[in-house]
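# A look at the structure
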Amino acid sequence: MKLCMIGTGYVGLVSGVCFSDLGNQVICVDKDLVKINKLQNGIIPIYEPGLDELVKRNIKNKRLSFSNDLKDSIKKSDIIFICVGTPTKKGGSSADLRQIYGVAKDLSKSLNKFKIIITKSTVPVTTGDEIEKILLTKNSKNKFAVVSNPEFLREGEAIRDFVYPDRIIVGSNDKKSNKILKNLYSPLIAKGAKYVNTSRRAAELIKYASNAFLATKITFINEIANLCEKTNINVDDISIGMGLDQRIGSRFLRAGPAYGGSCFPKDTKAIISTADKFKTNLSIIKSVIKSNKDRSNLLLKRIYGILNNKIKNKKISFLGVTFKANTDDMRDSSSLKMIPELSRKGAKVQYYDPTGFKEEFKNYKNVRNAKSISNCLEKSNLVIIHTEWNDFKSLDFKRLVKNKKIIIFDMRNLYSPQEMIKKNLKYFSVGRGFK
Ligand code: UDX
């Protein structure tokens, strides 16, 4: 099939490349010419394990191409995926849909034959209706179908999530489009993916409801972890015990820092904004947002407690600063709250991240990027394990820190407290009986 992905950000690029790998002819379009030139030469603008290999293979097989000519790319394709960003509106909480509607206007001028127009970007309920209205200003109804097909790709796991999705949601009442899309996804359905056909509005809401629910699950276990700390219980036992109940499920029950990333913070705010528009109170999601906001302050307070409130001139080492492992993405990472605050209090912060230097900290004079784990940890007063990269899972702290007093605050519970005590290390983690 002939596909056009509009927008080569995370969603568009990963989905486009994976669709081409399934044998489709895919054009990925972006107005950023520099990006397009780089992609044509196999240079990938995002960090996603395995993606560069797939890009090179499919360019070579002539199934994948990159262009900044939107009109031409639309004309050559039968299925158009809108994959542009829907960030939070500046100074507000709803999704900024200017890019989506801009693309819809461009599309309305280029429908030379029947095309399926699909929103893959996360868009609020009724956005599909609006796109349809825009297309109808210049085209008759039989020239297009507007469908919602949300993505559920996790950064760092995106290729696996594309190839082995739990479900494929297609929101459309148009029979012809449903048949074509079921066919497009047939290689994944054959491998066991569930294909669910819903109304367009339902598909739009499924995406927000899923992300809000996952954010709730994480926030829930983080609050339970707070209780575990006061009652000398290991929260990992709680996650296992709860997770074995199939109605609950074991995933997304890892306690840790505040959740971050490009989706959960943005989508929880946006669904509340949609609910406000329809005069509905989503009180649970509102408290999730508040609890997650409080979480970074709570962990900061724990740091102050661990250091007996003597922060000035303390060498604090962060292992990992992105919002989670296997990504270079800093968006809404809890380190963005914690590191500046520690720096303001006079700490000397050094960080090591497998994905390198971060612009976000360049203006803080006591924040330094270390080039290696050993450089980051040497003579440190406090080691903070902030993300769960494999690189951080079996470190010899005594050899690396070279300090008599080694203090570790493991925000991802990567190590066993018993093992750390055996090694004579002062070790703190999350939700494991901290007093
Ligand atoms: C998320 C959704 O999972 C994906 O389906 C959606 O389409 C995009 O948003 P992503 O933002 O890449 O994916 O990251 P995810 O792996 O979901 O983690 C989000 C946040 O939750 C991270 O900060 C992570 O550290 C945190 N998290 C996740 C936990 O704290 N505990 C968990 O058990 C799981």
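Rules used throughout
- Residues numbered from 1 in each chain as written.
- Predicted model: local features only at pLDDT ≥ 70, side-chain atom pairs only at ≥ 80, totals over all residues.
- Heavy atoms only, no water.
- Buried < 20%, exposed > 50% of the residue type's maximum accessible area, 1.4 Å probe, protein only.
- Helix = DSSP H or I, 4+ residues; strand = E, 2+ residues; numbered from the N terminus.
- Pairing = 2+ DSSP bridges.
- Right-handed = clockwise from strand over helix to strand, strands pointing away.
- Near = heavy atom within 4 Å.
- Polar contact = N/O pair within 3.5 Å; in protein donor to acceptor, adjacent residues only side chain to side chain.
- Areas by Shrake-Rupley, 256 points an atom, 1.4 Å probe, with all protein chains shown as cover.
- Nonpolar A, V, L, I, M, F, W, Y, C, P; charged D, E, K, R; others polar.
- Domains from an automatic or database assignment.
- Axes fitted to C-alpha atoms, helices over the stretch in contact; angles between N-to-C directions.
- Contact = heavy atoms within 4.5 Å.
- 1 Å grid on protein atoms, 1.4 Å probe; cavity = no way out; pocket = protein on both sides within 12 Å on 5 of 7 lines; lining within 4 Å.
- Points joined across faces, edges and corners; volume = space filled by probe spheres on them.
- Buried area = accessible area lost by both parts, 1.4 Å probe.
- Salt bridge = Lys/Arg side-chain N within 4 Å of Asp/Glu carboxyl O.

It is worth spelling out the pairing of strand E13 (residues 407–410) at this point. If a strand is regular, its side chains alternate between the two faces of the sheet. Covered by surrounding structure in E13 are Ile407 and Phe409 together with Ile408 and Asp410, the residues of both alternating faces. When strand E12 (residues 382–385) meets E13, the two strands line up parallel, connected through 3 bridges. Following the sheet pairing, isoleucine 385 is matched in E13 by aspartate 410. In terms of strand pairing, E13 meets strand E14 (residues 426–428) through 3 bridges, oriented parallel. Residue pairing across strands places phenylalanine 409 opposite phenylalanine 428, the latter belonging to E14. One crossover worth recording links E13 to the parallel E14 by way of helix H17 (residues 417–422), and it is right-handed.

Glu155, Arg254, Cys263, Lys324 and Arg412 are the nearest of the 18 residues found near the ligand. Glutamate 151 places a side-chain nitrogen or oxygen 3.4 Å from an oxygen atom of the ligand. A distance of 2.9 Å separates an oxygen atom of the ligand from a polar backbone atom of glycine 260. Coverage of the ligand by the protein chains reaches 96% of its 670 Å² of free accessible surface. Here the shell around the ligand gets 3 residues from one element, more than from any other, and that element is helix H10 (residues 200–231). A per-class count over the shell around the ligand returns 9 nonpolar, 2 polar and 7 charged. Residue-level mapping places the shell around the ligand at the junction of two domains, with at least three residues from each of domain 1 (2–198) and domain 2 (199–435).

Moving on, we get to helix H2 (residues 33–40). The distance from a side-chain oxygen at the start of H2 to the backbone nitrogen of valine 34 is 3.2 Å, and the residue carrying that oxygen is aspartate 32. Positioned one or two residues after H2, glycine 42 has a phi angle of 75°, which is positive.

Now for the sheet that holds strand E11 (residues 367–369). A sheet is described by the order of its strands in space; here 6 strands give the open sequence E11-E10-E9-E12-E13-E14, paired in parallel fashion. Single-partner strands in this sheet number two, and they are E11 and E14. Recorded for the sheet is a direction-independent mean angle of 20° between the axes of neighbouring strands. Across the sheet, helix H13 (residues 283–306) touches E12, E13 and E14, and the angle it forms with E13 is around 165°. Relative to strand E9 (residues 315–319), helix H14 (residues 335–344) is tilted by about 170°, and along the sheet it contacts E9, strand E10 (348–352) and E11.

Here we take up unusual backbone geometry. One non-glycine residue, asparagine 308, lies in positive phi territory at about 50°. With respect to the helices and strands, the residue asparagine 308 is situated in the loop between H13 and E9. At lysine 379, a position not held by glycine, the phi torsion is positive, near 60°. Along the chain, the position of lysine 379 falls in the loop between helix H15 (373–377) and E12. Assessed through its relative accessible area of 42%, lysine 379 is described here as partly exposed.

One way to see where empty space is left: roll a probe the size of a water molecule over the atoms. All told, the structure shown has 1 cavity of 30 Å³ or more when counted by the stated rule. Here the largest cavity is characterised by a volume of approximately 30 Å³. If you go around the largest cavity, the residues you meet are Thr119, Ser121, Thr122, Val123, Ser148, Pro150, Glu204 and Lys207. Class assignment of the residues belonging to the lining of the largest cavity gives a composition of 2 nonpolar, 4 polar and 2 charged.

With domains assigned, the protein is organised as domain 1 (2–198) and domain 2 (199–435). Each of domain 1 and domain 2 has a C-alpha centre, and the two are 32 Å apart. Together, the buried faces of domain 1 and domain 2 total about 2700 Å²; carbon and sulfur atoms form 51% of this surface. Looking at the side of domain 1 facing domain 2, the largest losses of area belong to Tyr47, Val125 and Glu155, adding up to 26% of the total buried there. Run the count over domain 1 and domain 2 and you get 5 salt bridges. For arginine 200, the salt bridge goes to glutamate 132, with nearest N and O atoms at 2.9 Å. Run the count over domain 1 and domain 2 and you get 14 residue pairs in polar contact (both at pLDDT 80 or more). Put simply, the parts of the chain that give the side of domain 1 that touches domain 2 at least two residues each are helix H6 (127–136), strand E6 (144–148) and strand E7 (167–171). Its residues assigned to classes, the side of domain 1 that touches domain 2 comprises 12 nonpolar, 14 polar and 7 charged.

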